[in-house]
Amino acid sequence: MSTPAARPPLPAHARPLRAALGTTFVGSTLIAVVTPAYAAPSPSYEPTVGTPSVAIAFQHPASKVDLGSDAPSNPVTAVNTGDLAVCLVDLAVAAPEFRVSGFEPQRLAPGERLPAGVVDGAPRESLDVVAVLTYAGTDDQGECVAQTDAVTGTWSVTVIDPRPTDPPSPDPTSPP
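Residues numbered from 1 in each chain as written. Predicted model: local features only at pLDDT ≥ 70, side-chain atom pairs only at ≥ 80, totals over all residues. Heavy atoms only, no water.

Colleague: How would you explain the overall build of the protein chain if you had to name every residue and give the values?
Modeller: Of regular secondary structure, the protein chain possesses zero helices and twelve strands. Each helix and strand of the protein chain, ordered N terminal to C terminal, gives the series β-β-β-β-β-β-β-β-β-β-β-β. Taking all 176 residues of the protein chain together, 25% fall into the buried category. Within the protein chain, contacts between residues separated by at least 24 positions form 62% of all contacts whose residues are at least 6 apart in sequence. Just so you have it, the protein chain exposes about 12,700 Å², and 57% of that area is on carbon and sulfur atoms. (Helix = DSSP H or I, 4+ residues; strand = E, 2+ residues; numbered from the N terminus. Buried < 20%, exposed > 50% of the residue type's maximum accessible area, 1.4 Å probe, protein only. Contact = heavy atoms within 4.5 Å. Areas by Shrake-Rupley, 256 points an atom, 1.4 Å probe, with all protein chains shown as cover.)

Rendered as structure tokens:
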């Protein structure tokens, strides 16, 4: 003898889906309900309006020098690539064989290009000479602010040893 069901079973397509607390049941499986996400745009690293920015470059990016000789003097140029005036504070090189001359603190207007100084020296080996220009932004009255930033430029100096690598042989070579 069959027993009647309390209610007839629902067809598969008519089963209701219920969402509660970010989850829902589909059949006998619990599934998380994901809400749409929002991501803020990443910050731009390009100079924008009101950003001081400076670039420097050596007149000669690379030089060859004989061992024991002085490297040729190499002028450094500063360019204000931002849209605010800046104050050039200091120009230095870390290589002990090199020195900076002719640098004077000065104001650099937006888009302006000025000589910043000259680097020279007598290297004993090949090296990259890195010049560091320290600069500061200006306030609303055009005065230099205390906070500084720095940019670098590189000059590759190759030292050539003019001495022969093999000593000459005392015996002449025999003809073939």
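Colleague: I'd love a proper account of the nonpolar core, names of residues and values included.
Modeller: Generally speaking, soluble globular proteins have nonpolar side chains that are buried together. A78, L88, F98, V119, L133 and W155 are the most contacted members of the largest nonpolar core, which totals 25 residues. For this core, the secondary-structure elements that each account for two or more residues are β4 (54-58), β6 (71-80), β7 (86-93), β10 (113-121), β11 (127-138) and β12 (144-160). Beyond its immediate chain neighbours, meaning those up to four positions away, L133 contacts V54, I56, A78, L88, D90, L91, F103, D149, A150 and V151. (Core = buried A, V, L, I, M, F, W, Y, C linked by side-chain atoms within 4.5 Å.)

Colleague: I'd like a rundown of the pairing of β11, residues and numbers included.
Modeller: Of the pairings in the sheet, the one linking β7 to β11 comprises seven bridges and is antiparallel in character. By the bridge assignment for β11, C87 is matched with A136. Sheet topology places β11 next to β12; eleven bridges connect them, and they run antiparallel. Residue pairing in the sheet places V132 in a bridge with T152 of β12. Between β11 and β12, which pair antiparallel and follow one another directly, the connecting turn spans five residues, one of which, G142, has a positive phi of 85 degrees. (Pairing = 2+ DSSP bridges.)

Colleague: Report on the environment of V79, specifying residues and quantitative values.
Modeller: Turning to its location among the elements, V79 is positioned in strand β6. Judged by its relative accessible area of 16%, V79 falls in the buried class. With 33 residues separating them along the chain, V79 and E112 place their C-alpha atoms 5.8 Å apart. Among all residues touching V79, those that are not within four sequence positions of it are S53, V54, A55, L108, E112 and R113.

Colleague: Account for the packing of aromatic side chains, with residues named and values stated.
Modeller: Applying the stated criterion across every chain, the model contains two aromatic pairs. Aromatic side chains F58 and W155 sit 5.6 Å apart centroid to centroid with 40 degrees between the ring planes, which places their arrangement in the tilted category. Separated by 97 residues along the polypeptide, F58 in strand β4 and W155 in strand β12 bring together distant segments of the chain. Of the residues examined, F58 reaches a relative accessible area of 9% and is grouped as buried. What makes W155 buried here is its relative accessible area of 0%. (Phe/Tyr/Trp six-rings, centres within 6.5 Å; stacked < 30°, edge-to-face > 60°.)

Colleague: Which residues make up the sheet that holds β6, and what are the values?
Modeller: Ordered in space as β4-β6-β10-β8, the four strands form an open sheet in which the pairing is antiparallel. Single-partner strands in this sheet number two, and they are β4 and β8 (98-101). The mean angle between the axes of side-by-side strands here comes to 25 degrees, regardless of whether they run parallel or antiparallel. The pairing of β8 with β10 spans four bridges and is classified as antiparallel. Residue F98 lies in a different strand from β10, and its bridge partner there is G121. (Axes fitted to C-alpha atoms, helices over the stretch in contact; angles between N-to-C directions.)

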